[in-house]
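Summary of the model geometry
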Amino acid sequence: MCTLKKIFTAIIAIVFIVACSSSSSDDGSGGKTDNFDRGALLSHLADNIIVPAFQDLSAKLTTLKSDKDNFIATPNQTNLDVLRASWLEAYKVWQYVEMFNIGKAEEILYGFQMNIYPVSTTDVEANISSGSYDLGHPNNNDAVGFPAVDYLLYGVAADDTEILAKYAEANYQNYLSDVIDQMQSLTETVLTDWTGSYKSTFLSEAGNTATSTLNKFSNDFVYYYEKGLRANKIGIPAGVFSTDPLPEKVEAVYSKSFSKELALEALQAVQNVFNGTSYSGSVTGESFKSYLNYLERSDLSSLINTRIDNARQKVKALNEDFNAQVNSDNTKMTEAYDALQLVVVSLKVDMLQTLNISVDYVDADGD
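Since this is a predicted model, take the numbers as computed values, not measurements. (Residues numbered from 1 in each chain as written. Predicted model: local features only at pLDDT ≥ 70, side-chain atom pairs only at ≥ 80, totals over all residues. Heavy atoms only, no water.)

Things to note about the overall build of the protein chain
Within the protein chain, the regular secondary structure consists of 14 helices and 0 strands. The N-to-C order of helical and strand elements in the protein chain reads α-α-α-α-α-α-α-α-α-α-α-α-α-α. Counting only C-alpha atoms, the protein chain reaches 100 × 45 × 35 Å along its principal axes. Per-residue burial for the protein chain yields a buried fraction of 48% across its 367 residues. Across the protein chain, the fraction of contacts at a sequence separation of at least 24, relative to all contacts at a separation of at least 6, is 77%. Per element, the accessible surface of the protein chain, about 15900 Å² overall, is 52% carbon and sulfur. (Helix = DSSP H or I, 4+ residues; strand = E, 2+ residues; numbered from the N terminus. Buried < 20%, exposed > 50% of the residue type's maximum accessible area, 1.4 Å probe, protein only. Contact = heavy atoms within 4.5 Å. Areas by Shrake-Rupley, 256 points an atom, 1.4 Å probe, with all protein chains shown as cover.)

In structure tokens, the structure reads:
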């Protein structure tokens, strides 16, 4: 009887030790107590990355609006070229803000009104023909924003001579003007919110709960990388989620020269946020990288950067026009997708688990 009692006592002790050991590692950080200054990370994000990016986008869209006004007043080749250049500069900056789908941007569905592609040319032409439209209506989400301007500046006719002829018509002038004015107005609304009350809200919720700022932002960040960058820019056109490739679904499909450039900008934007590199590039602050390093996972932060760098090289190997790349050699597109997918694993699984942040969105694209 005494022997059985001793055995039972020993078993209980072992179970207690194992349970304690398991509990100590459930925070995902390898047992290290997490006293990282999440507030400092949020402050750096807001002050040095998010707000400056929106300010630059606002400035670029103000220039775009001015160049649009000049073009409409005098629709010649010189003014068309200037307008196209302003559109591209603004579109590149957009790649640095698209991931920030929080606050007012989320409330007004900002991203849906700025960069849903492919554009519905049927809707655009119907709006132009009727001269009556509500650009803020959800039915027009695929008829506005950067993709609509891409079509209006490059795709409404076969060549520049015919495109310029279109802008002798008031309806084309009005639609181009209204679309660009809407983009500028929406951006001002989001920027005003950030420089007003929202930044305080963003900074005030620094804890580690499902509804705290960093937890929500982390999910938005990973979701943007997985869907907005990896899937939309590469995977969907390459046919990763469909029976056949869909080259018409690339970003900037009508200008035919910028889909790679925009993808590389987006990838750089993601890496900058991960590393805490300021929008100006002059300052580095607290970040996902420094958070992982604090939790003694510098191996993971290094791996993430390596995988992003490797994916960049695969994207750089592609044609400037992803539509042409899909049609000529789609294998290179799928190779770029595979390299981008490795980053998803590191961010969505390894990083979020280490930071003890649960994924709050449903992955529905089969990967």
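A word on helix H6 (residues 121–130)
Among the residues of H6, those classed as buried are Val124, Asn127 and Ile128. Seen end-on, H6 carries its buried residues on one side only, within an arc spanning 100°. Looking at H6, the residues exposed on the side facing more than 90 degrees away from the buried face are Thr122 and Ser129. Looking at the buried side of H6, the elements it contacts are helix H7 (145–154) and helix H9 (170–204). Looking one or two places after H6, you find Gly131, whose phi comes out positive at around 75°. (Arc of directions from axis to C-beta.)

Considering unusual backbone geometry
Cis geometry is found at the peptide bond from Tyr117 to Pro118, where omega equals 10°. Within the secondary structure, Pro118 is located in the loop between helix H5 (110–114) and H6.

Re the packing of aromatic side chains
Counted according to the given criterion, the structure contains 24 aromatic pairs. Geometrically, the ring pair formed by Tyr133 and Tyr175 is edge-to-face, given 4.9 Å between the ring centres and 85° between the ring planes. Separated by 42 residues along the polypeptide, Tyr133 in the loop between H6 and H7 and Tyr175 in helix H9 bring together distant segments of the chain. Accessibility expressed as a relative area gives 23% for Tyr133, which makes it partly exposed. For the pair Tyr167 and Tyr172, a centre-to-centre distance of 6.0 Å together with 75° between the ring planes defines the contact as edge-to-face. Each member of the pair Tyr167 and Tyr172 is classed as buried. A network of ring pairs unites the aromatic residues Phe54, Trp87, Tyr91, Trp94, Phe100, Tyr110, Phe146, Tyr154, Phe217, Phe221, Phe258 and Phe288 as a single cluster. Taking the ring centre of Tyr154 as reference, the NZ or CZ of Arg84 above it sits at 4.2 Å. (Phe/Tyr/Trp six-rings, centres within 6.5 Å; stacked < 30°, edge-to-face > 60°. Lys NZ or Arg CZ within 6 Å of the ring centre and 35° of its normal.)

Topic: the layout of surface pockets
Considering only enclosed or pocket space, the largest pocket measures out at about 730 Å³ in volume. In terms of lining residues, the largest pocket is bounded by 30 residues, among which Glu98, Phe112, Tyr223, Gly228 and Asn232 are the most central. When contributions to the lining of the largest pocket are tallied by element, the ones reaching two or more residues are helix H4 (104–107), H5 and helix H10 (213–238). A per-element tally of the lining of the largest pocket places H10 first, with 9 residues. A breakdown of the residues in the lining of the largest pocket according to their chemical character gives 17 nonpolar, 6 polar and 7 charged. Lining the second largest pocket are Asn101, Ile102, Gly103, Glu106, Tyr198, Thr201, Phe202, Glu205, Thr213, Lys216, Phe217 and Asp220. At the level of elements, H9 and H10 are the ones that each hand at least two residues to the lining of the second largest pocket. Sort the elements by how many residues they give to the lining of the second largest pocket and H10 lands first, with 4 residues. Of the residues contributing to the lining of the second largest pocket, the split by class is 4 nonpolar, 4 polar and 4 charged. (1 Å grid on protein atoms, 1.4 Å probe; cavity = no way out; pocket = protein on both sides within 12 Å on 5 of 7 lines; lining within 4 Å. Points joined across faces, edges and corners; volume = space filled by probe spheres on them. Nonpolar A, V, L, I, M, F, W, Y, C, P; charged D, E, K, R; others polar.)

Section: the nonpolar core
By size, the foremost hydrophobic cluster in this structure holds 107 residues, and its most contacted members are Trp87, Phe146, Trp194, Phe221 and Met351. Broken down by element, this core gets its largest block of residues, 13 residues, from helix H2 (residues 38–73). Excluding anything up to four places from it in sequence, Met351 contacts Val222, Phe274, Phe288, Leu292, Leu300, Ile304 and Ser346. (Core = buried A, V, L, I, M, F, W, Y, C linked by side-chain atoms within 4.5 Å.)

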